[in-house]
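Reading the structure
As a plain string of letters, each chain reads:
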Amino acid sequence: MKEQKNIQGTKGSAVKATFLVMVATALSRILGYVREVVVAAYYGTGYEIDAYRVAIQLPNLFRLIVGDVVLAAAFIPIFSAYLARNKEKDAWQIASKILTLTAVVLTLLTLFGIIFAGPLIALLAPGFQAKPSTYLLSIELTRIMFPALVFMALSGLFSGMLNSYNVFLLPALSPTAWNLIIISGIVLFTGKYGIYAFAVSLLVASIVQAAIQVPAFRDRLRYYRFDLNYNHPEVKRFFALLFPVILSSATSNINTIVDTRFASYLETGVVAALGYAIRIYLVPAGVFGVAISTVLFPRLSRYETLKDDRAFTKELSFGLRALNFIMLPLGGFFIFFSLPIARLLFERGSFTFRDSQLTAAALAMYSVGVVAYALTTLISRAYYSKKDSKTPLYVALASIVVNYFGDWFLMRALPGIPRVFPLLKGYSWVFAPHAGIALSTSIVAIFQFVVLAFIYTRRHGQIEGRKLVLSALKSTIATSAALLSGFAIYNLIGASGTYKLMAGVFLALLSGAAAYIVLAYLLRMDELRFVLDFAKKRFGLGK
């Protein structure tokens, strides 16, 4: 009974786990930002970093498919279900088969990527063929970094298994080691080896990230066996779920490949600028979206196993409202303060004001969809918890069409907006062709969430719809007040010089946050009360 209670967990333990994952993920994201600052200072938006951004796409693609999405959609629901029924040995029997098969498949994919690096880069970035130095460097970097795929994917699998044991902190901290190794490699060896220092450091960091999680399994490793025999009912069910999940994940990553193909025809530095922008954009999505989804997903899987539909709905509804409450003001801040943020974060060393404009334009357009991106992550997990991987697949397939025509149309149409609206001519840099590619990504995120939410409610009933709508309206009002407050402070301080820029951005964010909290309190938002109650319990406030 005690063990079952531990498996199911309590609301308080979920809150504590969410907080710990948020802190650990925030630390990782901060170091990720430091990594990007170092990259920007050493490489700017030159052809070397363009080549790197393209070369890392395929290892990342397969890592996301095998290590993250397959884990989330197919493996963890099965593994968690066995643990929920106190069948740990059986869970590890299945895990052994899946881990072994995964390692073999990843090794074969790595060999394929190394051998066929040239044709793969030509497929990913055809525009690079008109830029021989960038094209050839992309091929070399691909061959160096492809082996990292095996360790990045295994790290994701290890993290998911530890999460099923309610071990969240170490998996959330492992990216911190990954970032530290890469930063050190760039600083220490770029002077002698150039961009190759970055590539080799990434490979070493990926090996370490996977290795440091192994000790956390402790004596449970005795259950592991090297096993290539897939003749097991649950393993067969895993592979039955696997095909649609891989297709679903691949289609979402095909959108990234489509973006890169279009961007490769534009000026040098655009691919790099899109990379810098999306890393800023992913900070809030990663810290809050991934943290909340990571903690709630095993709980949703257990509620589905126990057929507790009421608890499932409440958990999903709270997650969606909490994400919207956090992401909406952050998205608004990123849109309207994109240039000051880009300048403050990156403008030093080889990174120029023009590079800041390229990055800021993409950041503003990516941020249009940051709320939808986070919500889609969570509602997709709800489908996977219900063993439904086909619906996200079909929606993802449709999104490829939306994204392709969005890229094609918006990278042509967006630069024409200042001509139609003369008042915007002073902001023509915002409407650059590559910003159209970023805006198309946001439209895809909104499309996916709306369609998935609509289908979910038709099949499973409302997700406390009235609460969701009311919470969204209140968050919008509070966000408007926060942005007005931030603008007033920023314009009062000005942005002439590094210190004024830093003070302006920081105080605008601080005043905006204060305004948002005050409005949320006056509007009696449950999400704010939840955060404050947690702070009182966690830090002993108000005693």
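See the structure printed just above.
A brief report on the enclosed structure follows. (Residues numbered from 1 in each chain as written. Predicted model: local features only at pLDDT ≥ 70, side-chain atom pairs only at ≥ 80, totals over all residues. Heavy atoms only, no water.)

1. What to know about the overall build of the protein
To be explicit about the condition: Segments assigned H or I by DSSP are reported as helices when at least four residues long, segments assigned E as strands when at least two residues long, and all are numbered from the N terminus. Remark: exposure states derive from per-residue accessible area (1.4 Å probe, protein chains only) relative to the maximum for the residue type, with buried under 20%, exposed over 50%, and partly exposed in between. It only takes one pair of heavy atoms within 4.5 Å for two residues to be counted as in contact. To be clear on the numbers: accessible area is Shrake-Rupley with a 1.4 Å probe, and residue cover counts the displayed protein chains and nothing else.
Helix and strand counts for the protein come out as 22 helices and zero strands. Looking at the 543 residues of the protein, the share that counts as buried comes to 57%. A separation of at least 24 residues holds for 84% of the contacts in the protein among residues at least 6 apart in sequence. A total accessible area of about 23,700 Å² is found for the protein, and carbon and sulfur atoms account for 68% of it.

2. So, a nonpolar patch on the surface
Quick note on the threshold: Patch membership requires more than 30% relative accessible area and the absence of a salt bridge. Residues of like charge join within 9 Å; the nonpolar side chains Val, Leu, Ile, Met, Phe, Trp and Tyr join within 5 Å. Salt bridges are counted wherever a side-chain nitrogen of Lys or Arg sits within 4 Å of a carboxyl oxygen of Asp or Glu.
On the surface, V104, L108, L111, F112, I115, F116, F226 and L228 cluster together to form a nonpolar patch covering roughly 800 Å² of accessible area. Position of L111 among the secondary structure elements: in helix α5 (residues 88-115). The exposure class of L111 is partly exposed, given its relative accessible area of 47%.

3. With respect to the packing of helix α6 (residues 117-124) against helix α7 (residues 132-145)
Selection criterion: Simply put, an axis is a line fit to the C-alpha atoms, just over the touching stretch for a helix, and the angle between two N-to-C directions goes from 0 to 180 degrees. Here is the rule for angles: anything less than 35 degrees is roughly parallel, anything more than 145 is roughly antiparallel, 65 through 115 is roughly perpendicular, and the remaining ranges are oblique. Handedness of a crossing is defined here by the sense of rotation of the near helix relative to the far one, left-handed for an anticlockwise turn of less than a right angle and right-handed for a clockwise turn.
Between α6 and α7, whose axes approach to 9 Å, the crossing angle comes to 120°. As far as their axial angle goes, α7 and α6 are oblique. At the point where α6 passes α7, the crossing takes the right-handed sense. Touching A117, G118, I121 and A122 of α6 are Y135, S138, I139, T142 and R143, all from α7.

4. Points about the side chain of D259
Definition in use: Asp and Glu are treated as the negative residues and Lys and Arg as the positive ones, with His and the ends of the chain left uncounted.
Of note, D259 is situated in helix α11 (residues 233-263). No salt bridge is formed by the buried D259. Its closest oppositely charged neighbour is R261, at 10 Å. For D259, the residues in contact, after removing those within four places along its chain, are N403, D407, I437 and T441.

5. Some remarks on the pattern of salt bridges
Enumeration over the complete set of coordinates arrives at seven salt bridges. E36 is the salt-bridge partner of R279, the closest N and O atoms lying 3.3 Å from each other. With R279 in helix α12 (residues 270-305) and E36 in helix α2 (residues 11-43), this pair connects stretches of sequence that are 243 residues apart. Assessed through its relative accessible area of 27%, R279 is described here as partly exposed. We note a salt bridge from E267 to R354, for which the minimum N-O separation is 3.5 Å. Taken together, the residues span a long stretch of sequence, with E267 in the loop between α11 and α12 and R354 in helix α15 (residues 353-367) at a distance of 87 residues. Salt bridges here are not isolated pairs; linked through shared partners, they connect R35, E36, R53 and R279.

6. What to know about α15
Turn by turn, an α-helix covers 3.6 residues, leaving residues three or four places apart pointing in a common direction. The condition that has to hold: Given the number of residues in a helix, its expected span is that number minus one, multiplied by 1.5 Å.
Between its terminal C-alpha atoms α15 stretches 21 Å, which fits the 21 Å expected from 15 residues at 1.5 Å a residue. The buried fraction of α15 is high, at 13 of 15 residues.

7. Comments concerning the nonpolar core
Note the threshold: We call a set of buried residues a nonpolar core when its members are Ala, Val, Leu, Ile, Met, Phe, Trp, Tyr or Cys and they connect through side-chain atoms within 4.5 Å of each other.
Counting residues in hydrophobic clusters, the biggest one holds 152 residues, and the most contacted among them are I49, Y52, F75, F79, L141, F198 and L316. Setting aside residues no more than four positions away along its own chain, I49 makes contact with V39, Y43, G44, I195, F198, A272 and Y276. In terms of nonpolar packing, the next biggest core, distinct from the first, is built from five residues, V21, A24, F168 and V295 among them.

8. Some thoughts on the environment of L344
Along the chain, L344 falls in helix α14 (residues 338-346). Among the residues examined, L344 registers a relative accessible area of 18% and is labelled buried. Separated by 154 residues in sequence, L344 and T498 have C-alpha atoms that sit 7.5 Å apart. Setting aside residues up to four positions removed in sequence, L344 forms contacts with Y33, L501, M502 and V505.

9. Some remarks on the packing of helix α8 (residues 148-164) against helix α10 (residues 195-211)
Two elements in contact, α8 and α10, have axes whose closest approach is 8 Å; the angle formed by their N-to-C orientations is 30°. As far as their axial angle goes, α10 and α8 are roughly parallel. At the point where α8 passes α10, the crossing takes the left-handed sense. Contacts from A148, F151, M152, S155 and F158 in α8 reach L202, L203, S206, I207, Q209 and A210 in α10.

10. A closer look at α6
Counted residue by residue, α6 has six buried out of eight residues, so it is predominantly covered. Those residues of α6 that fall on the buried side of the exposure criterion are A117, G118, L120, I121, A122 and L124.

11. What to know about the environment of A360
With respect to the helices, strands and loops of the structure, A360 is situated in helix α15. For A360, a relative accessible area of 0% gives the class buried. Considered as a pair, A360 and A342 are 18 residues apart in the sequence and their alpha carbons are 5.7 Å apart. Once you skip the residues sitting within four places of it in the chain, A360 turns out to touch S338, L339, A342 and W429.

12. Some words on the packing of aromatic side chains
This is how the line gets drawn: Any two of the Phe, Tyr and Trp rings considered here, Trp counted by its six-membered ring, make a pair once their centres fall within 6.5 Å; the pair's planes then place it as stacked at under 30 degrees, edge-to-face at over 60, or tilted in between.
Per the counting criterion, the structure on display carries 19 aromatic pairs. Here the aromatic rings of W92 and F217 are separated by 5.6 Å at their centres, their planes lie at 85°, and the arrangement is edge-to-face. Taken as a pair, W92 in helix α5 and F217 in the loop between α10 and α11 lie far apart in primary sequence, 125 residues in all. F217 matches W92 in its accessibility class, with the two residues each being buried. Ring centres of Y276 and F346 lie 5.2 Å apart, and the angle between their planes is 45°; this geometry places the pair in the tilted category.

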